[in-house]
Amino acid sequence: MVDTPFGRVITAMVTPMHSDGSIDYDGLQRLAVHLADHGHDGLLVNGTTGESATTTDDEDYDSVQAVVEAVGDRVTVMAGCGTNDTEHSTRAAREMVARGADALLVVTPYYNKPPQDCILEHFRLVAEAGDGTPVMLYDIPGRTGTALTTDTIRRAAEIEHVRAVKDAKGDFFEASRLMAETDLLWYSGDDIVNLPHLAQGATGIVSVVGHVAGDRYAEMLAAVDRGDLPRAQRIHRRLIPAVDAIMHVSQGAIQAKAAMKMLGVIESDALRMPLRSAPAADVERLRAGLTAAGLL
């Protein structure tokens, strides 16, 4: 069994909202319980899929507290605290830990595109602010505009309390090299390549499709653990229509909220602009994908 402070099957939770755009904290707790009941041993609050770009600091802190209260005794609760402002990120790290977060996710600073040595210092300061809380770095150059170099990740592995990487870059040889050279725990950060990452030794996944497929992903991971690659392949292939319907039809948070409403887990699929609820055609494509994957 892999020893990890983050969990292994983790979903980046949507943030349920009422039709007026206010956060539905009761719905958030129901969603957390639903996910804990379906294959998850970790949850991520305030990630990109949680619409962190348009939620306030106080809403983020309250969301962490709500999820901790709902399922903190059952799963690891990880809080996204990274921004492109180091002072903001360190303040968020301290408050999220105070609200009960078990772990922190820190994304590469986006838009201002700092040099690699500045990124390392950013990570170090946020990790220090967490006061011993395990930190997972998030490498997603498609959103941040800056990829972490191999050497930066090697050096980040030496920062106290930095324990893992959420990889949404998709350089599999670099991932394999770094798993061999460092003690970092590796997580797939892109549902499209969950199985390839697991097959070469990743610890787990941080998923969006896990909203609907947590049990299946737990089965897939268990199959990889026991060396049953054909079983893992069958699960992976069966889920392709669901991955397509959530990740390729539209934006992930839009489709994941539509799926949770379709399954009766949340009451509303409302989002904050510039995101809008899925149009009817996309909802039908979602329904078809989930049906084809055996999830409806």
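Remember, it's a predicted structure, so these values are computed and weren't measured experimentally.

### Digging into helix H11 (residues 240-247)
Every α-helix winds through 3.6 residues per turn, so residues three or four apart in the chain are directed the same way. Within H11, burial applies to Ala 242, Val 243, Ala 245 and Ile 246. Down the axis of H11, the smallest arc covering the buried residues is 165°, so these residues share one side. The elements touched by buried residues of H11 are helix H9 (210-225), helix H12 (252-262) and helix H13 (280-292).

### Thoughts on the environment of Asp 171
Mapped onto the fold, Asp 171 is located in the loop between strand E6 (162-167) and helix H7 (172-181). For the pair Asp 171 and His 197, spaced 26 residues apart in the sequence, the C-alpha separation amounts to 10.0 Å. At 3.0 Å, the side chain of Asp 171 forms a polar contact with the backbone nitrogen of Glu 174.

### Points about the side chain of Asn 194
Inspection of the secondary structure puts Asn 194 in helix H8 (residues 194-199). Setting aside residues no more than four positions away along its own chain, Asn 194 makes contact with Ser 188, Ile 205, Tyr 217 and Met 220.

### Observations regarding the nonpolar core
Ranked by internal contacts, the top residues of the largest apolar core, which has 78 residues, are Met 13, Val 67, Trp 186, Val 212 and Tyr 217. Those residues within four positions of Val 212 in sequence are excluded, and the remaining contacts are Ile 246, Ala 259, Met 260, Leu 263, Leu 290 and Leu 295. By size, the runner-up hydrophobic cluster in this structure holds 16 residues, among which are Phe 6, Ala 12, Ala 103 and Val 107.

Cut-offs and rules
Residues numbered from 1 in each chain as written. Predicted model: local features only at pLDDT ≥ 70, side-chain atom pairs only at ≥ 80, totals over all residues. Heavy atoms only, no water. Buried < 20%, exposed > 50% of the residue type's maximum accessible area, 1.4 Å probe, protein only. Helix = DSSP H or I, 4+ residues; strand = E, 2+ residues; numbered from the N terminus. Arc of directions from axis to C-beta. Contact = heavy atoms within 4.5 Å. Polar contact = N/O pair within 3.5 Å; in protein donor to acceptor, adjacent residues only side chain to side chain. Core = buried A, V, L, I, M, F, W, Y, C linked by side-chain atoms within 4.5 Å.

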